[in-house]
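Coordinates in review
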Amino acid sequence: MSFPECRFLKSHIRLLAVWILLLLVAPQICWAAGTIAGTAISNTATLSYSLGAIPQADIPATSLAFLVDEKVNLTVVGGVTTNVVPGSIAQATAFTVTNNSNSALDFALTVTNVMGGDQFDPNTCSAYVESGTTAGYQAGQDTATFIDELAPDATKTVYAVCNIPAAANTDTGLVGLTATARGDFTGANGAYAATAGTLGAVITQTAGADTPGTVDIVFADSQGTEDGASPDAKHSARNTYQIAGAGLTVTKTASVLDPQGGSVVMPTSVITYQIAVNLGGGTVTNLVITDPLPAETTYVSTGTGSITITCISGTYTGGGACGIVTITTPQPLATKTDTNLDADFADFTGNTVTVSLGDVTGPADFVITFKATIK
Amino acid sequence: MRITNLVLTSSLLALLGSFSYSAHAADSAIKVTSIAQVEAEAIDKKGNKTLKRAPVTKAVPGTEVIYTTTFENTINKPAENIVINNPVPIASEYKAGSAFGKDCEILFSVDGKKFGHAEELKIKDADGKERTALPKEYTHIRWSYKVPLAAGKSGEVGFRAEIK
């Protein structure tokens, strides 16, 4: 274990025996967070003198000892953006919690999910502490809901785990984590007493006159994103969930042209279906659009057939080229021969139009059109 | 006779009752006391800002403590060669330039053995290089009085240190 503030001590201790003795005897009082609360400090001055050139006995004087008090301080760090898919469950986003106090403490954890400045609210949120067994959130391993006995200057990773509602691509949902220092101050002279396995009590700042002989409690935390301005033994931060990846939208429209040139729905009217496929970002594998036609309609297959597929932007398996393709004859999917956007991407079987686009990487836009007549 | 004896005993007891016996070791010629204080801003009666000293109570890491040692010559002979040795308290860092004491030579040490002025104190770095010690690395302070302390006179020395 290293004591960053105690480096100067090491440079003086030449004798190994003395160094070992010091390690055994000296209390572990040096931390960046400060001297451990409860440490007694006094000053001893020794006066030596002579009377008529005859040296006299030394006279020591020691000041009344006082105990180092408890300074409660902590830091929660967030600022992480996690990509999620709409409708997904138990999505984890990581924060860190550091104990900056001069004693070990427990930390209670709460998640806030409703705040302004975002487009959706994550829901059904919980906080779990990283157990250290496997990196990343593991539902089976990271089950602790509060931080137990965190040493001064030590840090733990905490996950906010939430469900993501329906949302559009690039939408953001903010989630906040608040850590509150907790502990039983029932040790000697009011010092912190460990309560391993149990969340410590709510801590209150020492009110009224502080005393030299007991460990008084002082809050020294700053304000985070979710907690109050006055020191309150809390700190907090926010992370962002961002919709990315399968931001896939498929929209179908239809227009009708009757024999007279109007838009009356009647036998022999021609319906033009338009299916717009938009992928905002990320990659979707084996994207297949299936559209069963209504029983009252007949796919228009005369001449060159009526399915057209237009790739406006995006890439797909093999980096095939975008362009307008007209299916000349319906092809079964089994005969697809390449990854280009061409004739064998579409099939019409059993009154169902099937378009297979393969692996698509967004941002990508496709428009599929075909015609059917009303029987 | 009983009655007479009783009267005699109680008179004797009455005489003894006011006698108090207290045992002292031979009193030191010099009375030495050491105190620890903190300083806080206060408003005096005229409404001016002033610094007030009080006993150390709220002692969190970072607090600056003022240690003062006073000494008084309580006998009728002058005290000579007064030297006060003071290790910097545990868990504390000496505050640069804070040591005070009239008519004293003030020296420091980084090992408790060799005492000198600031520029004479050397420390070896982690890589073995020697450099001048920083005040916060001092481990001891020594005040050496250049003049004798006359009978009945007092003196005061002190320094500041920050709780680590």
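Residues numbered from 1 in each chain as written. Chains lettered and ligands numbered in written order. Predicted model: local features only at pLDDT ≥ 70, side-chain atom pairs only at ≥ 80, totals over all residues. Heavy atoms only, no water.

Across its full length, chain A holds 2 helices and 24 strands. Taken over 375 residues, chain A has a buried fraction of 41%. Counting only contacts in chain A whose residues sit at least 6 apart along the sequence, the fraction spanning at least 24 positions is 68%. If you sum the accessible surface of chain A, you get close to 17,400 Å²; carbon and sulfur atoms cover 59% of it. (Helix = DSSP H or I, 4+ residues; strand = E, 2+ residues; numbered from the N terminus. Buried < 20%, exposed > 50% of the residue type's maximum accessible area, 1.4 Å probe, protein only. Contact = heavy atoms within 4.5 Å. Areas by Shrake-Rupley, 256 points an atom, 1.4 Å probe, with all protein chains shown as cover.)

Quick look at the overall build of chain B now. Looking only at helices and strands, chain B features 1 helix and 12 strands. For chain B, the succession of helices and strands along the chain, N to C, is α-β-β-β-β-β-β-β-β-β-β-β-β. The buried share of chain B, reckoned over its 164 residues, is 35%. Within chain B, contacts between residues at least 6 apart in sequence are counted, and of these 70% link residues at least 24 apart.

What follows is about the pairing of strand 3 (residues 64-73) of chain B. All names here are of chain B. Most of strand 3 sits inside the fold, with 7 of its 10 residues counted as buried. Sheet topology places strand 3 next to strand 12 (residues 154-163); 9 bridges connect them, and they run antiparallel. The residue bridging Val 65 from the neighbouring strand is Ala 161, located in strand 12. (Pairing = 2+ DSSP bridges.)

Here the focus is the confidence of the model for chain B. A low pLDDT means the predicted coordinates there should not be read in detail. For chain B, per-residue confidence averages 86 on the pLDDT scale, and 84% of positions sit at 70 or higher. With pTM at 0.67, the complex prediction returns an ipTM value of 0.82. (pLDDT = per-residue confidence, 0-100.)

Glancing now at the state of the cysteines. Residues and elements named next belong to chain A. Per the counting criterion, the structure on display carries 1 disulfide over all chains. Across the disulfide from Cys 125 sits Cys 162; the S-S distance is 2.2 Å. Between Cys 125 and Cys 162, the disulfide has an S-S torsion of 115° and is therefore right-handed. Of this pair, Cys 125 sits in strand 11 (residues 123-129) while Cys 162 sits in strand 13 (residues 155-163), and the two are 37 residues apart along the sequence. For Cys 125, a relative accessible area of 23% translates into the label partly exposed. (Disulfide = S-S within 2.5 Å.)

The next subject is the interface of chain A and chain B. Listed by partner, the interface residues are 41 residues for chain A and 40 residues for chain B. At the junction of chain A with chain B, the criterion picks out 0 salt bridges. For the pair chain A and chain B, the number of links is 10 residue pairs in polar contact (both at pLDDT 80 or more). Listed by contribution, the elements that provide at least two residues to the side of chain A that touches chain B are helix 1 (7-12), strand 1 (40-41), strand 2 (44-51), strand 4 (59-62), strand 5 (66-67) and strand 6 (70-72) of chain A. Tallying contributions element by element places strand 2 of chain A first for the side of chain A that touches chain B, with 8 residues. (Salt bridge = Lys/Arg side-chain N within 4 Å of Asp/Glu carboxyl O. Polar contact = N/O pair within 3.5 Å; in protein donor to acceptor, adjacent residues only side chain to side chain.)

Let's shift gears to the environment of Val 56 of chain B. As for its placement among the helices and strands, Val 56 of chain B is situated in the loop between strand 2 (49-55) and strand 3. Sequence-wise, Val 56 of chain B and Gln 37 of chain B are 19 residues apart; in three dimensions their C-alpha atoms are separated by 5.0 Å.

On to the sheet that holds strand 12 (residues 146-150) of chain A. Residue and element names in this part refer to chain A. Taken in spatial order, the 5 strands line up as 8-16-14-10-12 in an open sheet, and their pairing is mixed. Whereas interior strands pair on both sides, the edge strands pair on one side only; in this sheet they are strand 8 (81-84) and strand 12. For this sheet, the mean angle separating the axes of adjacent strands, direction not counted, is 25°. When strand 14 (residues 172-182) meets strand 16 (residues 234-243), the two strands line up antiparallel, connected through 9 bridges. Looking at the pairing, Ala 179 lines up with His 235 of strand 16. (Axes fitted to C-alpha atoms, helices over the stretch in contact; angles between N-to-C directions.)

Quick look at the environment of Ile 36 of chain A now. If you trace the backbone, Ile 36 of chain A turns up in the loop between helix 2 (16-25) and strand 1. Each C-alpha atom of the pair Ile 36 of chain A and Ala 191 of chain A lies 9.6 Å from the other, and the pair is 155 residues apart in sequence.

With that settled, the discussion passes to the sheet that holds strand 7 (residues 74-77) of chain A. All names here are of chain A. Read from one edge of the open sheet, 4 strands run 7-9-13-11, paired in antiparallel fashion. Two strands lie at the open edges of the sheet, namely strand 7 and strand 11, each paired on one side alone. When strand polarity is set aside, the average angle formed by the axes of neighbouring strands in this sheet is 25°. In this sheet, strand 13 lies alongside strand 9 (residues 91-99) in antiparallel orientation, the contact comprising 8 bridges. Looking across to strand 13, one finds that Phe 95 is bridged to Val 158.

Next up on the list: the pattern of salt bridges. Using the criterion set out here, one finds 8 salt bridges over all chains in the structure. Among the ionic pairs, Lys 252 of chain A bridges to Asp 291 of chain A, the shortest N-O distance being 2.7 Å. Of the two residues, Lys 252 of chain A is situated in strand 17 (residues 248-257) and Asp 291 of chain A in strand 19 (residues 283-292); the sequence distance between them amounts to 39 residues. A salt bridge links Glu 64 of chain B to Arg 160 of chain B; the nearest nitrogen and oxygen atoms lie 2.8 Å apart. Linking Glu 64 of chain B in strand 3 with Arg 160 of chain B in strand 12, this pair joins segments that are 96 residues apart in sequence. Look at the salt bridges and you will find they share partners, linking Glu 39, Arg 53, Glu 64, Lys 95 and Arg 160 of chain B into a network.

The next subject is the side chain of Asp 227 of chain A. Residue and element names in this part refer to chain A. Of note, Asp 227 is situated in the loop between strand 15 (217-219) and strand 16. In this structure, Asp 227 is buried with no salt-bridge partner, the nearest side chain bearing the opposite charge being Lys 234 at 8.0 Å. Only 3.0 Å separates the side chain of Asp 227 from the backbone nitrogen of Gly 224, close enough to count as a polar contact. Reaching out from Asp 227, the side chain makes a polar contact with the side chain of Ser 236 at a distance of 2.6 Å. When near neighbours in sequence (up to four residues on either side) are disregarded, Asp 227 contacts Asp 221, Ser 222, Asp 232, Lys 234, His 235 and Ser 236. (Lys, Arg positive; Asp, Glu negative; His and termini not counted.)

Attention now moves to the nonpolar core. Ranked by size, the top nonpolar core spans 42 residues in total, and within it Tyr 49 and Phe 66 of chain A together with Ile 30, Phe 71, Ile 82, Ile 141 and Trp 143 of chain B carry the most contacts. Looking at this core, the elements with two or more residues in it are strand 2 and strand 4 of chain A together with strand 1 (30-43), strand 3, strand 4 (80-87), strand 7 (104-109), strand 11 (140-145) and strand 12 of chain B. Grouped together as the second largest cluster of nonpolar side chains are 31 residues, Val 72, Phe 120, Ile 147 and Phe 185 of chain A included. (Core = buried A, V, L, I, M, F, W, Y, C linked by side-chain atoms within 4.5 Å.)

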